[in-house]
Each structure stands twice: as C-alpha cells, then as structure tokens.
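Commentary on secondary and tertiary structure
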Amino acid sequence: QVQLVESGGGLVQAGGSLRLSCAASGRTFSSYVMGWFRQAPGKVREFVASITRSGSSTYYTDFVKGRFTISRDNAQNTVYLQMNSLKPEDTAVYYCAAGPVPASISVSYNTWGQGTQVTVSS
C-alpha cells in the first residue's frame, strides 16, 4: 500500500501562487489514480482535482478550473497541484489521495496523506 506525504502549503496573498507536492512511497505509485481534496474549517471535505495513472487525463471541480493544474511524475512518485490566482476562499487543508478510479467523491480513495495548510489572505 502506498503512503502519501504532502508539502508546499503556506500563507500567500490573494492572487498569488503555490505548488503543492505529494510524495508517495512504494513501487506501485503509477498504479494509482491520484486526487486532491480540501477541507475548510466547518466544511465537508471537497474534491479539487484528479489525474489518471498515466497522467493523460485530468479532472477538476468547477471552482478551480483555469486556476489549478494537477500533474504527476511517476518516475519521482509525486503528484503536484499548481495553484494560481489564489482566492481567500481557497483557504483550507489540502489532502492528496490515492485510489482505483478518478472519482470526485472521497470514499473512492483508500489512502490519504496528512494534509497541508493553505491560507490565502485578502
């Protein structure tokens, strides 16, 4: 089973950018679909983006389309989330997850990282 560790979160002003990374252990990273979710205080965890095993297809929720980009490097066992034009409402803990299908619901993913905090100031 793969283990996931996120990094790259922090404090940024509105309009700024951050790049999140999620490093996976194990030799089977390329066999997993990878996703990013986020959870703001008092809110449910919500889907942000997902990417297929080869990286050939990506999926986004509407509120990040055109601003966020998910990518992966299977040689480095890492998935990324490039976040541009950040808004205060993007403030949340961001989690990466591994699963069998590129779904937008959290229960479809069976392995999760510990999360990284992203705070966007106005």
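Residues numbered from 1 in each chain as written. Predicted model: local features only at pLDDT ≥ 70, side-chain atom pairs only at ≥ 80, totals over all residues. Heavy atoms only, no water.

Notes on the environment of Lys65
When you line up the elements, Lys65 lands in the loop between strand E6 (58-60) and strand E7 (68-73). Between the C-alpha atom of Lys65 and that of Ala49, which follows or precedes it by 16 residues, the distance is 9.1 Å. Among the polar contacts made by the side chain of Lys65, one reaches the side chain of Asp62 at a distance of 3.2 Å. (Helix = DSSP H or I, 4+ residues; strand = E, 2+ residues; numbered from the N terminus. Polar contact = N/O pair within 3.5 Å; in protein donor to acceptor, adjacent residues only side chain to side chain.)

Quick look at the state of the cysteines
Applying the stated criterion to the full structure yields one disulfide. Between Cys22 and Cys96 runs a disulfide, and the two sulfur atoms are separated by 1.9 Å. The disulfide joining Cys22 to Cys96 has a torsion of about 50 degrees about its S-S bond and is therefore right-handed. Placement of the pair is Cys22 in strand E3 (residues 18-24) and Cys96 in strand E9 (residues 92-99), with a sequence separation of 74 residues. With respect to burial, Cys22 and Cys96 carry one shared label: buried. (Disulfide = S-S within 2.5 Å. Buried < 20%, exposed > 50% of the residue type's maximum accessible area, 1.4 Å probe, protein only.)

What about the pairing of strand E4 (residues 33-39)?
Across the seven residues that make up E4, a large majority, six, are buried. Of the pairings in the sheet, the one linking E4 to strand E5 (residues 46-51) comprises five bridges and is antiparallel in character. Within the sheet, the bridge partner assigned to Trp36 lies in E5 and is Ala49. Joining the antiparallel neighbours E4 and E5 is a turn of six residues, in which Gly42 adopts a positive phi near 75 degrees. (Pairing = 2+ DSSP bridges.)

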